[in-house]
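# Coordinate analysis (summary)
In case you want the letters, here they are:
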Amino acid sequence: YLPVFFADVMTRSTWRGESSFQYVEEKGGKVVKRSIREPVTGYYENFYENFARTQTKGIKSGLSDILPFRIQQTVPYNPEYLKEWMVELYQENPMDELGKIEDAIDNIIERQAKRRSRGNKVEKLVVRSEKMLIAFRSVLVPVWVGGFTYQGKRYQYLINGQDGKITGDIPISYLRIVAIIGGLIGLVILLVSLLA
């Protein structure tokens, strides 16, 4: 079981910036690139439910890939539930985690502002966000954690203990990839020559 911090956050954001539009025009037989700039503004509202942050230092990444967990099925903590199971202790301060969640949400909002603004490129973007923390909780979630070493490098994988979703790093052998592609090309050439 891994400790995870979940938060429900309501956000309302406004932004302003400068958007540029690139176009091409022909002038005197030459193609010239032109650009027009205009101010952009916008509004974005969203509810982030069960926004998760791991509270362990043993899992560097990948938890977001095996979400969601069915939080509504959680029950109050009882030591008997974890008897004979390995459990990692909370290693992060919940108040620090709230700050990290806020930073992660700010990044999402900034990407949304750029995506929702017309133009090829948005510059001088200023985003103002109001965030309301609706709920937060620390929960132990069932995660199978495994790892292996391949050619001196450590690889880790995670499995969601509720629905079996898997994520992790896999070793890539570029020599094998080149050999497989070369073999396929050779097979195609052989088939073409036999059919010709």
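All values reported here derive from a predicted model rather than from experimental measurement.

## Quick notes on the overall build of the protein
- Along its length, the protein carries 2 helices and 6 strands.
- In the protein, the succession of helices and strands from N to C terminus is β-β-α-β-β-β-β-α.
- Scaling as 2.2 N^0.38, a compact globule of 196 residues should have a C-alpha radius of gyration of about 16 Å, whereas the protein reaches 25 Å, well beyond that.
- When its C-alpha atoms are laid out on the principal axes, the protein stretches across 80 × 65 × 30 Å.
- Here the protein holds 196 residues, and the buried ones make up 24% of them.
- In the protein, once contacts between residues fewer than 6 apart in sequence are set aside, the share between residues at least 24 apart is 73%.
- Here the protein has roughly 13900 Å² of accessible surface; of this, 56% comes from carbon and sulfur atoms.
- On the protein, the mean spot of the 27 positive side-chain charges and the mean spot of the 22 negative ones are 7 Å from each other.

## Considerations on helix α2 (residues 174-195)
- Given a rise of 1.5 Å per residue, 22 residues ought to cover 32 Å, and the 32 Å separating the end C-alpha atoms of α2 matches this to within 8%.
- For α2, the buried fraction is low: 0 of the 22 residues fall into the buried class.

## A closer look at the environment of Ile189
- Counting through the fold element by element, Ile189 comes out in helix α2.
- With 157 residues separating them in the primary sequence, Ile189 and Val32 have C-alpha atoms 45 Å apart.

## Thoughts on unusual backbone geometry
- Backbone geometry at Asn50 places phi at a positive 55 degrees, although glycine is not the residue there.
- Note on placement: Asn50 falls in strand β2 (residues 30-54).
- Non-glycine residue Gln151 carries a positive phi angle of around 50 degrees.
- Mapped onto the elements, Gln151 comes out in the loop between β4 (143-150) and β5 (153-160).

## Let's talk about the sheet that holds strand β3 (residues 121-141)
- Taken in spatial order, the 3 strands of this open sheet run β2-β1-β3, and their pairing is antiparallel. The open sheet has two free edges, formed respectively by β2 and β3, since each of these has just one partner strand. Each strand of the sheet is rotated relative to its neighbour by a mean of 10 degrees, with strand direction disregarded.
- Both strand β1 (residues 2-27) and β3 contribute to a ladder of 18 bridges, which runs antiparallel. From the neighbouring strand, Trp15 faces β3, where its bridge partner is Val127.
- Its contacts with the sheet put helix α1 (residues 94-116) on β1, β2 and β3, and the angle it makes with β2 is roughly 145 degrees.

Procedures and definitions
- Residues numbered from 1 in each chain as written.
- Predicted model: local features only at pLDDT ≥ 70, side-chain atom pairs only at ≥ 80, totals over all residues.
- Heavy atoms only, no water.
- Helix = DSSP H or I, 4+ residues; strand = E, 2+ residues; numbered from the N terminus.
- Rg over C-alpha atoms; globule rule 2.2 N^0.38 Å.
- Buried < 20%, exposed > 50% of the residue type's maximum accessible area, 1.4 Å probe, protein only.
- Contact = heavy atoms within 4.5 Å.
- Areas by Shrake-Rupley, 256 points an atom, 1.4 Å probe, with all protein chains shown as cover.
- Lys, Arg positive; Asp, Glu negative; His and termini not counted.
- Charge placed at Lys NZ, Arg CZ, Asp CG, Glu CD.
- Expected span 1.5 Å × (residues − 1).
- Pairing = 2+ DSSP bridges.
- Axes fitted to C-alpha atoms, helices over the stretch in contact; angles between N-to-C directions.

Remember, this is a structural readout, not a statement about activity or role.
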